[in-house]
Amino acid sequence: MSAPSPTPPAAADPGALLERARRVAALVLAPAASATDQAEAVPREHIRALADAGLLGIATPARHGGQGAPARVAREVLEILAGACGVTAFVQMQHATAACSLIARGDNEALKERVLPRLAAGERFCTVGFSHVRRPGPPMVRVEPDGDAVRLDGTVPWLTGHGIADDAVIAGALPDGRLMYVLTPLWAGDAIEPSPPLRLSAMNASATVSLTLRGLRVGAEQVIVTATREQQAARDVAGLLTPSALSLGVAGAAAALLAELAGRRGSAHLAGAARSLEGERDDARAEVEAWADRPEAEGYGEHAVRVRAWCIELGVRAAHAAVAATGGSANLLDNAAQRLVREAMLYSLTAQTRDLQTATVQRLLDRGGGATDRARS
Ligand SMILES: Cc1cc2nc3c(=O)[nH]c(=O)nc-3n(C[C@H](O)[C@H](O)[C@H](O)COP(=O)(O)OP(=O)(O)OC[C@H]3O[C@@H](n4cnc5c(N)ncnc54)[C@H](O)[C@@H]3O)c2cc1C
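Residues numbered from 1 in each chain as written. Predicted model: local features only at pLDDT ≥ 70, side-chain atom pairs only at ≥ 80, totals over all residues.

Taken domain by domain, the protein comprises domain 1 (14–125), domain 2 (128–227) and domain 3 (239–369). The gap between the C-alpha centroids of domain 2 and domain 3 is 31 Å. Of the residues lining the interface, five residues belong to domain 2; the matching set on domain 3 comes to six residues. The class makeup of the residues in the side of domain 2 that touches domain 3 is two nonpolar, two polar and one charged. (Domains from an automatic or database assignment. Contact = placed C-beta atoms within 7 Å. Nonpolar A, V, L, I, M, F, W, Y, C, P; charged D, E, K, R; others polar.)

With that settled, consider the site of the ligand. The immediate surroundings of the ligand are formed by 25 residues, with S131, W158, T160, Q352 and R354 found nearest. For the shell around the ligand, the leading source of residues is strand β1 (residues 126–129), giving three residues. Residue composition of the shell around the ligand, grouped by class: ten nonpolar, twelve polar and three charged. Two domains each provide a minimum of three residues to the shell around the ligand, namely domain 2 (128–227) and domain 3 (239–369). (Near = placed C-beta within 6 Å. Helix = DSSP H or I, 4+ residues; strand = E, 2+ residues; numbered from the N terminus.)

The phi dihedral of M203 falls on the positive side, at around 60 degrees, and the residue is not glycine. Tracing the backbone through its elements, the reader meets M203 in the loop between β6 (192–194) and β7 (209–219). We classify M203 as buried; it has 23 C-beta atoms within 10 Å. Non-glycine residue A351 carries a positive phi angle of around 50 degrees. (Buried ≥ 20, exposed ≤ 12 C-beta atoms within 10 Å, placed from the backbone.)

Once that is clear, we can look at the environment of A336. Position of A336 relative to the elements: it lies in helix α11 (residues 336–347). A tally of 22 C-beta atoms within 10 Å means that A336 is categorised as buried. As a C-alpha pair, A336 and A33 span 303 residues in sequence and 8.2 Å in three-dimensional space. Those residues in contact with A336 that lie beyond four places of it in its chain are S34 and L257.

So, in structure tokens, the structure goes:
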């Protein structure tokens, strides 16, 4: 008689995960947000708190040691974290939503079994360096077959979380034009040379660097997936709405700041502004949820860029309203309002595709209404 197959581990309760995210946000991230914004790196205690709450494995399937949360719950967690500390949320997204999800959706089952449980538990931290594959022109990273391995050469222009991360998912182009995604330790001797941390106006603590790869040898056991450019473009579009949660988080933080100012000053006007932005945030979130998990639906691409551009613009506008309502002190580096503006600005660029770039600029022009019409005539 064959042994009964083991019961697969159950996914975590979404309500409990959200509650844990709210606790980490309120008790660990929010009180340190201003200091973290000005720090060299995200504090390790933040990463530890996220790991202890299971939030680094939120999008990893339960059978690979993660929480197996639906994408909707992972977005809500990201929104909660972004409302408390933008840079911690940004770094969490690279590990939990970008890297771990990519490995989990990849073709390499042995790799999943080997690395995902440790990544989900936060025993190792993983970042990503693949946005360059969206750029037109000659590949920035070339991948050449080398016996039973591959060799990577070139430049990864953006990689967040250097110093915190142990591993990275890196992509490059094969000689036939297909894209290969590999998992590599970041400490690989002379084969990976990081730049000094890039000086950034927003998310400086993300410890973002560029990498020079010189003959980085990666074995077949570390290859995650190989994709055509069409498959890559389809994945980009399918993931377009995930970072909306960052913009919605910053919009919520700005609305809360306005509400707090309203209370302190007894201002009905500011209280109304806070309610209005909160209401718009609910509407935008409903649109995200209507489309995010249906990339195969007719008209998805067009709606996804429109909704993401709305979230981007709402985040920046809400943060700007918080600056205006705060007054001159908003410009002090430890003031929350200006930090929110910088974070919201960065979310305009995150995982940007050309169509999203066009939709974002168009959304900003459209809000000019009559003024832009006059300029055209
Ligand atoms: C602080 C920070 C941290 C980041 N961290 C990471 C990270 O950890 N990992 C990671 O992978 N990425 C990271 N990024 C990259 C980020 O996701 C990209 O900025 C974003 O994808 C835009 O790409 P780009 O910077 O390469 O811009 P650009 O090269 O300006 O491209 C922007 C968009 O326009 C299109 N485009 C550009 N030139 C042309 C042209 N001539 N014709 C047609 N279309 C064109 C591109 O296809 C692209 O979609 C980070 C960026 C910042 C600012």
